[in-house]
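As a plain string of letters, each chain reads:
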Amino acid sequence: MADNEQRAQLQLQLDLDELKHLQSIAKRPRVISLLSSEIHNVHSKLSNSKLAVQVQPSIPVVVKPPSAATSNAFKYNTLGSFSWDQDTENIRIYLFLEGVDPEKVDSVIKPSSVDIKMHDVQGKNYRYAIPKLNKEIVPEKSKVVVKPTRVVLTLFKSSKGNWLDLQFKEDKLKPNLDKEKDPMAGIMDLMKNMYEEGDDDMKRTIAKAWTDARAGKTTDSLKNFP
């Protein structure tokens, strides 16, 4: 019986040492609280034992971060309900979602992108991301605030001024004015973009202009081309 009790007490002491180590490296308040509660329980069991067992210091446990495979295991719903406004210094994005736990929000804010992940919201995970912002921001001065009915993302602009949009959009209608290229290349690029985005009538007009241009003709469709 004594040997069994000693072995049980030894295991409790090892558990206690490992829990204390985990508590020392934990960062999230909820995790620290859970570890503190378990440490208290184990300590109580150990104090109530009849024998005191001396053990060697335990080997520190290295807690590895979640692997890429584990991180990718989450399935996210795209958050479509949001709005935004701005002043000369800040962009504010309002993500309308109730029941978000601040401890379960992961945010990655970079100078030209944002990625917000909200876990376990009524059993689902949500994500809002902008791969490339309209202009650069200052991550250190930006913040995420969780409120009862929404999550507010405040982005501090790196330079004052108004944004026309949240996301960067390349101007496809702007011709390439590279001096080293054929002078007509910019016009052709413009026509290609207009053909891709135009309606059927526009496509027929541009196609006819291209055909006549290859044949060395100047047609009414090319003359009247906007």
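Residues numbered from 1 in each chain as written. Predicted model: local features only at pLDDT ≥ 70, side-chain atom pairs only at ≥ 80, totals over all residues. Heavy atoms only, no water.

Engineer: Would you mind showing me how to read the side chain of T154 here?
Structural biologist: By secondary structure assignment, the location of T154 is in strand β8 (residues 150–156). Excluding residues that lie within four positions of it along the chain, T154 makes contacts with N90, I91, R92, S142 and K143. (Helix = DSSP H or I, 4+ residues; strand = E, 2+ residues; numbered from the N terminus. Contact = heavy atoms within 4.5 Å.)

Engineer: Sorry if this is basic, but what is going on with the nonpolar core here?
Structural biologist: In a soluble, globular protein the nonpolar side chains are often hidden away together inside. I93, V114, M118 and L155 are the most contacted members of the largest nonpolar core, which has 22 residues in total. At the level of elements, β3 (90–96), β4 (105–110), β5 (113–121), β6 (124–130) and β8 are the ones that each hand at least two residues to this core. Here this core gets four residues from one element, more than from any other, and that element is β5. Ignoring any residue separated from it by four or fewer positions in sequence, one finds V114 in contact with V108, I109, Y128, A129, I130, L133, I137, L153 and L155. Listed in part, the eight residues of the second largest apolar core include L19, A26, I39 and V42. (Core = buried A, V, L, I, M, F, W, Y, C linked by side-chain atoms within 4.5 Å. Buried < 20%, exposed > 50% of the residue type's maximum accessible area, 1.4 Å probe, protein only.)

Engineer: Any chance you could explain the environment of D120 here in plain terms?
Structural biologist: One can find D120 in strand β5. Not counting residues up to four positions away in its chain, the partners in contact with D120 are K104 and N125. A distance of 2.8 Å separates polar atoms of two side chains, one belonging to D120 and the other to K104. (Polar contact = N/O pair within 3.5 Å; in protein donor to acceptor, adjacent residues only side chain to side chain.)

Engineer: Is there a simple way to explain the pairing of β3 in this structure?
Structural biologist: On a regular strand, each side chain points to the face opposite its neighbour's, so the side chains alternate between the two faces of the sheet. Among the seven residues of β3, five are classified as buried, and the element is accordingly described as predominantly covered. Count of turn residues in the strand β2 (residues 82–86)/β3 antiparallel hairpin: three residues. (Pairing = 2+ DSSP bridges.)

Engineer: Sorry, what's going on with the sheet that holds β5 here?
Structural biologist: The strand order across the open sheet built from four strands is β1-β6-β5-β4, with neighbouring strands paired in mixed fashion. Both outer strands of the open sheet, β1 (77–78) and β4, are each paired with one neighbouring strand and no more. Of the strand pairs in this sheet, β1 and β6 are connected by two bridges, and their pairing is parallel. The partner of T78 across the bridge, within β6, is R127.

Engineer: What's the story with the confidence of the model for the protein in this structure? I'm lost.
Structural biologist: For any part of a model where pLDDT is low, the fine detail of the predicted coordinates should not be relied upon. Per-residue confidence for the protein gives a mean pLDDT of 76, with 69% of residues at or over 70. Within the protein, no element has a lower average pLDDT than helix α3 (residues 68–71), which sits at 43, and none a higher one than β8, at 95. Note on residues 50–59: pLDDT is under 50 here. Beyond four places in sequence and across chains, it has twelve contacts. Overall, residues 66–72 carries pLDDT values under 50, and its contacts beyond four positions in sequence, including any with other chains, amount to one contact. (pLDDT = per-residue confidence, 0-100.)

Engineer: Looking at this model, I keep getting lost on the pattern of salt bridges. Mind explaining?
Structural biologist: Two side chains carrying opposite charge are able to pair once their charged atoms lie near each other. With the rule as written, the count across this model stands at six salt bridges. Here D115 and R127 are joined by a salt bridge, their closest N and O atoms 2.6 Å apart. Of the two residues, D115 sits in strand β5 while R127 sits in strand β6, which places them twelve residues apart along the sequence. Judged by relative accessible area, which is 15%, D115 ranks as buried. Residue classification places R127 among the partly exposed positions, given a relative accessible area of 34%. Across the pair K169 and D165 runs a salt bridge, and its minimum N-O distance is 3.0 Å. Residue class for K169 comes out exposed when judged on its relative accessible area of 62%. Each of D85, D87 and R92 takes part in salt bridges that share partners, so that together they form one network. (Salt bridge = Lys/Arg side-chain N within 4 Å of Asp/Glu carboxyl O.)

Engineer: Looking at this structure, I do not really get the pairing of β6. What am I missing?
Structural biologist: In this structure, β5 lies alongside β6, joined through six bridges in antiparallel fashion. Within the sheet, the bridge partner assigned to V114 lies in β6 and is I130.

Engineer: Before we go on, may I ask you to explain the side chain of N125 in this structure?
Structural biologist: Turning to its location among the elements, N125 is positioned in strand β6. For N125, a relative accessible area of 14% puts it in the buried group. Only 2.8 Å separates the side chain of N125 from the backbone nitrogen of D120, close enough to count as a polar contact. Sequence-distant contacts of N125, that is, excluding residues within four places in its chain, are made with F74, K75, Y76, N77, M118, H119 and D120.

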